[in-house]
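# Chains, contacts and geometry: an overview
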Amino acid sequence: MKYGYFDDQRKEYVIERPDTPYPWINYLGSEEFFGLISNTGGGYSFYKDASKRRLTRYRYNNVPTDSGGRYYYIYENGNYFSPAWAPQKSELDSYQCRHGLGYTVIESEKNNLKTEMKFFVPKGDNAELHQIKIKNLADSRRKLKLFSFLEFCLYDAEDDMTNFQRNFNTGEVEVDGSTIYHKTEYRERRNHYTFYNVNQEIAGFDTDRESFLGLYNSFAEPQVLEAGKSSNSIAHGWSPIGSHSLEIELEAGEEEEFIFQLGYIENDNDQKWEKPGVINKEKAKKLMTKYNSSAKVEKAFAELKNHWDKLLSSFSIEHPDSKLERMVNTWNQYQNMVTYNLARSASYFESGISRGIGFRDSNQDLLGSAHMIPERVKQRIKDLAATQFEDGSAYHQYQPLTKKGNDKIGSGFNDDPLWLIFAVAAYIKETGDYSILKEEVPFNSGKEAVIFDHLEASFMHVVNNLGPHNLPLIGHADWNDCLNLSAFSEKPGESFQTVSNKDDSPAESVMIAGMFLTTGPDFIQLAKKMNKEKLAAKAEEALAEMKEAVNKYGRDDDWFLRAYDYYSDKVGSKENEYAEIFIEPQGFCIMGGIGLEDGFAEKTLASVNQRLNTDHGLMILDPTIKKYQLNLGEVSSYPPGYKENGAVFCHNNPWIMIAETIVGNGKRAFEYYSKIAPAYREEISELHRTEPYVYSQMIAGKDAATFGEAKNSWLTGTAAWNFVAISQWILGIRPEFEGLKIDPCIPTDWDGFKVQRKFRGTEFEIEIRNFDNVNKGVKKILVDGKEIKGQTLKDFTKEKVKVEVEMG
Ligand code: GLC
Ligand code: GLC
């Protein structure tokens, strides 16, 4: 069952009823000011850091779900309702929520009133605009009131929901005309405040939550709305809020428009005050003026649209399958940008307080955004590299405000170093900009280094940390955070993520071996580029040895082993009672070229198909683990079918898609792609539950009672990897060091498709024809009518180029 539809023209998902199977959200802002907004106006806003600079309050895991947000109420003759449905929840005569790229519009009708509310963050400013239009559809004149409401957060999100003995005393506000200023802690150490304004004269306001709601009322029945009148309260401690009331008179057919603005201001220390006790409002007033008319707001909105159109224009396709088009052209790329911006910080599943920027996460996220924002990606790579240790290991996370490594979680995840090589290689393949290798970025210790030194340290970290089978030591964990082979945890509540009580652990990871073989050849090319022939030769040797080790010790009969545990026993083998097969090494060992000569790759992929494939995607392992296993750790702590214990973990499905394209099986690659791509699951929204326009981290696996139900939408490496799989390997438009390779691997019944790709300054119009209905193989490539040798486009001197590709 569907709850809406894709409007492909406008690049929007249109939700047609407010009670979606889960709140379906969107993100506002892509620079410093961010908001999360649900389809009924729920959510919150923050500046840069969702943990330390939370501007409005939201209560996670609340009852009912999704309470707290940007709320508006319309009042008429003793009755009131919420035009976004929440929080008052009277039935609306019509309702529609359009989530677009960086904006959300909620439209509804009730009692012959039409309301349209548009929410977005204008480019370049730290503010959220709420443009609200109310139209009288009746044939007589009416008097109404509009009430606004949001709750301020006292900036530190965790402290805000725990430290009440202090916080109930600190809240302070100022009201000046139509603007409410939230200035808690500004008097002493903070140099920033938040304001909430409307561009018209107000009839009243409230800034104290209790005065607005009533102590025992919910958001659905504020006492101010019951009374029909603001109480002009000033918050002294307790919970500061912002609420305006406006009196409106509308003739028959008349429409009025209001612009609300939530802004964030920082002042220099010597500029904090206008006079004693009164905050300096100069910057705030400037910002309000900047967006105080509909013409100004429309212009800012047009600029936002433009910005997104431009971002998405570097890759788009024309294909008979509209689901594929909407994933590739719009939603997958959009999600890539959101994950790039927010890492794993704030979603409806990530509370915004627990995680910094993950080393492995971010290095993977940028695989999906290097083609859109190469400059920013370059900076991120430098930030990440700066948290690396001299021996190549890395802080697992860093805090975005300070850019310092996070000591609480530390290092020791032995896959981390290699992701940096993936990221730098992807950046150079996209841009051709080798200068990044010579950018100076010291190690965390302060020791001077250039980026290439970091890559060398990464590569050597694997070489220097091999176990008894010459396979890479896993350390704390590899990509699978829950496969904790070096932590034997028996204490309830102990974090699997940080405990490592087997420091001398010889546990080894076949997955890291596969990653090493996958990214090693890129490292060698880069070493040669840096004229480090000796190092390149040494690396060649290391790769050959790793290949031998995997062939010798990394294979089970029909697939690749996952690991060796603390006792050097096999993990992910037929010999095991549970978890005989894991997905990760199957993808990476084949990407790393193992088993291609002797048919083992095909055999492995057949096993994957037989053991892990379900109607809802490929499970991470099989059979699920039914009992807690001390030697495996967190993976066995999840009930069967959930998360790392046998869910469809959408992040690693694309590794298998890519492996399938390597052996030339386009049909299977695309089958796996379309099983988890959200647009293909739209029809089963009642089962899938999370947004049908973005990937979720996981879909419950076949052993779960809720098989097919997705969780943890938006902030997941799934977005980047699926984009890599579809764009580079299935559609086959693949950046390489030498240029843009054209190498599709598709289902045989596709007759062809078109791709527009901007690459290194040239716009390629690529038409791929599959007259012979093959899976893979390119017979001929014409560039502006002239046949070229090979499959790689290498000339970037022209602005626009037409490419005709004949498969066969
Ligand atoms: C989560 C983490 C990611 C990890 C994955 C598998 O998505 O963010 O770092 O690789 O789980 O455990
Ligand atoms: C848990 C999750 C895993 C995630 C990790 C990060 O282990 O299962 O997916 O990567 O937490 O904190």
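The structure this text deals with has already been given above.
Residues numbered from 1 in each chain as written. Chains lettered and ligands numbered in written order. Predicted model: local features only at pLDDT ≥ 70, side-chain atom pairs only at ≥ 80, totals over all residues. Heavy atoms only, no water.

Below, the discussion takes up the overall build of the protein chain. Assigned secondary structure in the protein chain consists of 19 helices and 42 strands. The C-alpha atoms of the protein chain give 28 Å as radius of gyration, which agrees with the globular expectation for 808 residues (28 Å, within 12%). If one aligns the C-alpha atoms of the protein chain with their principal axes, the spans along those axes are about 80 × 60 × 55 Å. Within the protein chain, the fraction of its 808 residues that count as buried is 63%. Excluding contacts between residues fewer than 6 apart, the proportion of contacts in the protein chain whose partners are at least 24 apart in sequence is 68%. Of the roughly 29,500 Å² of accessible surface on the protein chain, a fraction of 45% belongs to carbon and sulfur atoms. One finds the centroid of the 97 positive side-chain charges in the protein chain at a distance of 2 Å from the centroid of its 121 negative side-chain charges. (Helix = DSSP H or I, 4+ residues; strand = E, 2+ residues; numbered from the N terminus. Rg over C-alpha atoms; globule rule 2.2 N^0.38 Å. Buried < 20%, exposed > 50% of the residue type's maximum accessible area, 1.4 Å probe, protein only. Contact = heavy atoms within 4.5 Å. Areas by Shrake-Rupley, 256 points an atom, 1.4 Å probe, with all protein chains shown as cover. Lys, Arg positive; Asp, Glu negative; His and termini not counted. Charge placed at Lys NZ, Arg CZ, Asp CG, Glu CD.)

Our next topic: the site of ligand 2. In the region of ligand 2, the neighbouring residues are Arg355, Asp481, Cys482, Gln497, Glu634, Tyr638, Lys643, Glu644 and Gln697. Tyr638 places a side-chain nitrogen or oxygen 2.6 Å from an oxygen atom of ligand 2. Take Lys643: an N or O atom from its side chain is 3.1 Å from an oxygen atom of ligand 2. When isolated, ligand 2 has an accessible area of 300 Å², and the protein chains bury 80% of it. Tallied by class, the residues present in the shell around ligand 2 amount to two nonpolar, two polar and five charged. (Near = heavy atom within 4 Å. Polar contact = N/O pair within 3.5 Å; in protein donor to acceptor, adjacent residues only side chain to side chain. Nonpolar A, V, L, I, M, F, W, Y, C, P; charged D, E, K, R; others polar.)

By the element assignment, Lys794 lies in the loop between strand 41 (792-793) and strand 42 (800-807). For Lys794 and Val608, which are 186 residues apart along the polypeptide, the C-alpha to C-alpha distance reads 37 Å.

Turning to the pairing of strand 7 (residues 71-76), a few remarks are in order. Among the six residues that make up strand 7, six are buried, leaving the element largely enclosed by the rest of the structure. Residues Tyr71, Tyr73 and Tyr75 line one face of strand 7 and the alternating positions Tyr72, Ile74 and Glu76 line the opposite face, and both faces are buried. Across five bridges, the pairing between strand 7 and strand 13 (residues 142-155) is antiparallel. Across the sheet, the residue bridging to Tyr72 is Ser148, located in strand 13. (Pairing = 2+ DSSP bridges.)

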